[in-house]
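Structural features, examined
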Amino acid sequence: MRTVVTDYKSLLPRLDEAIDRGTAEAIALSDDLAAHPEISEQEHRTSKIHAEYLRKAGFQVEYPFFGIPTAYNARIDAGSNGRVCLMAEYDALPVIGHACGHNVHGAMSLLAGAALAPLMKELGGDLFVTGTPAEETNGAKISMSSKGFFDDK
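Residues numbered from 1 in each chain as written. Predicted model: local features only at pLDDT ≥ 70, side-chain atom pairs only at ≥ 80, totals over all residues. Heavy atoms only, no water.

**Focus on the overall build of the protein chain**
Heads up, the rule is: Strands here are runs of E lasting at least two residues and helices are runs of H or I lasting at least four, both read from the DSSP assignment and numbered beginning at the N terminus. In this treatment the radius of gyration is a C-alpha quantity, and the globule benchmark scales as 2.2 Å times the residue count to the 0.38 power. The contact rule is simple, with two residues in contact once any of their heavy atoms fall within 4.5 Å. Accessible surface area values rest on a Shrake-Rupley calculation with a 1.4 Å probe, where residue burial reflects the displayed protein chains alone. Here the positive residues are Lys and Arg and the negative ones are Asp and Glu; neither His nor the chain ends is included. Here the site of a charge means atom NZ of a Lys, CZ of an Arg, CG of an Asp or CD of a Glu.
In terms of helices and strands, the protein chain carries 5 helices and 4 strands. Beginning at the N terminus, the succession of helices and strands in the protein chain can be written as α-α-β-β-β-α-α-β-α. Relative to the compact-globule value of 15 Å for 153 residues, the protein chain shows a C-alpha radius of gyration of 16 Å, a close match. Taking the intrachain contacts of the protein chain between residues at least 6 apart in sequence as the baseline, contacts between residues at least 24 apart amount to 67%. Taken as a whole, the protein chain presents about 8,000 Å² of accessible surface, with 56% of it coming from carbon and sulfur. Side-chain charges in the protein chain split into 14 positive and 21 negative, and the spacing between the mean points of these groups amounts to 6 Å.

In structure tokens form, the structure reads like this:
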């Protein structure tokens, strides 16, 4: 039987350490995505990189996801003590690239998920990191929401 932590503050030093350990990789990922921007619904390279990053962090990854070729859903199932879903955006604008910072947003979401991943057994809940492409155009969150993806999150 697993013990679920109720003093969440006791986990903060470990979370901080995990973030510190992963920061350089997240910055490198963000820089790489800025150097290789992909516009809405064409984020094939980017979404593959995101999915692989999350697999390495211990997530089960469904990719492609929800009928969207460049979407993914990564999950750590650690119990019924709640659910958290982090959204990762990663598309760029035509001509000007990542002017809205989705390269940074996506990398920060991945880093947050990877830092939380080893703590989930103690937290006793489910952690999702969901890749939501095409935010600069039709927004995958809109179609995901209308089809019920967020109903139980």
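Let's pick the thread back up.
**Observations concerning the packing of helix H1 (residues 12-35) against helix H3 (residues 102-116)**
When two helices pack together, you describe them by how their axes are tilted relative to each other and by the distance separating the axes. Applied cut-off: Orientation is described by axes fitted as lines to C-alpha atoms, over the contacting stretch for helices, and by angles from 0 to 180 degrees between their N-to-C directions. Should an angle lie under 35 degrees it is considered roughly parallel, over 145 roughly antiparallel, and from 65 to 115 roughly perpendicular; all remaining angles are considered oblique. Two helices cross in a left-handed way if the nearer one is turned anticlockwise from the farther one by less than a right angle. They cross in a right-handed way if the turn is clockwise. Nonpolar residues are Ala, Val, Leu, Ile, Met, Phe, Trp, Tyr, Cys and Pro. Charged residues are Asp, Glu, Lys and Arg, and all others, Gly as well, are polar.
For the pair H1 and H3, interaxial distance at closest approach is 8 Å and the crossing angle is 150 degrees. The angle between H1 and H3 falls in the class roughly antiparallel. For the crossing formed where H1 meets H3, the hand is right-handed. Across from Leu15, Ala18, Ile19, Gly22, Thr23, Ala26, Leu29, Ser30, Leu33 and Ala34 in H1, the residues of H3 making contact are Asn103, Val104, Ala107, Leu110, Leu111, Ala115 and Leu116. When grouped by side-chain class, the residues that make up the contact of H1 with H3 number 13 nonpolar, 4 polar and no charged.

**With respect to the environment of Ala35**
Just so we agree on the cut-off: Any residue under 20% of the maximum accessible area for its type is buried, any over 50% is exposed, and the rest in between are partly exposed; the area is computed with a 1.4 Å probe on protein chains only.
Tracing the backbone through its elements, the reader meets Ala35 in helix H1. Residue Ala35 is classed as exposed on the basis of its relative accessible area of 53%. With 25 residues separating them along the chain, Ala35 and Ser10 place their C-alpha atoms 39 Å apart.

**Brief notes about the nonpolar core**
Our working rule: Residues grouped as a nonpolar core are buried Ala, Val, Leu, Ile, Met, Phe, Trp, Tyr and Cys residues, joined through side-chain atoms within 4.5 Å.
In terms of nonpolar packing, the biggest core is built from 28 residues, with Leu54, Phe59, Val61, Tyr72, Ile76, Leu110 and Val129 touching the most fellow members. Tallying contributions element by element places H1 first for this core, with 5 residues. Contact partners of Val61, with chain neighbours within four places excluded, come to Ala51, Leu54, Arg55, Tyr72, Asn73 and Ala74. Phe65, Ala140, Met144 and Phe149 belong to the second-largest nonpolar core, a separate cluster that totals 6 residues.

**As for helix H2 (residues 44-56)**
Think of an α-helix as 3.6 residues a turn; residues three or four steps apart then line up on the same face. Counted only if it meets this: Here the expected span of a helix is defined as 1.5 Å times the quantity of residues minus one.
Its 13 residues place the ends of H2 19 Å apart at the C-alpha level, agreeing with the 18 Å of an ideal helix rising 1.5 Å per residue. Looking at the buried residues of H2, the elements they touch are H1, strand S1 (60-62), strand S2 (72-77), strand S3 (83-88), H3 and strand S4 (126-131). A positive phi of about 100 degrees marks Gly58, the residue just after H2.

**Description of the pattern of salt bridges**
The line we're drawing: We count a salt bridge whenever a side-chain nitrogen from Lys or Arg sits within 4 Å of a carboxyl oxygen from Asp or Glu.
This structure, assessed with the given rule, holds 8 salt bridges. Here Asp77 makes a salt bridge to Arg75, at a shortest N to O gap of 3.9 Å. Across the salt bridge formed by Arg75 and Asp126, the nearest N and O atoms sit 3.0 Å from each other. Taken together, the positions of Arg75 in strand S2 and Asp126 in strand S4 put the pair 51 residues apart, joining distant regions of the chain. Of the residues examined, Arg75 reaches a relative accessible area of 26% and is grouped as partly exposed. Judged by its relative accessible area of 4%, Asp126 is buried. Among the charged side chains, a salt-bridge network with shared partners connects Arg75, Asp77, Arg83 and Asp126.

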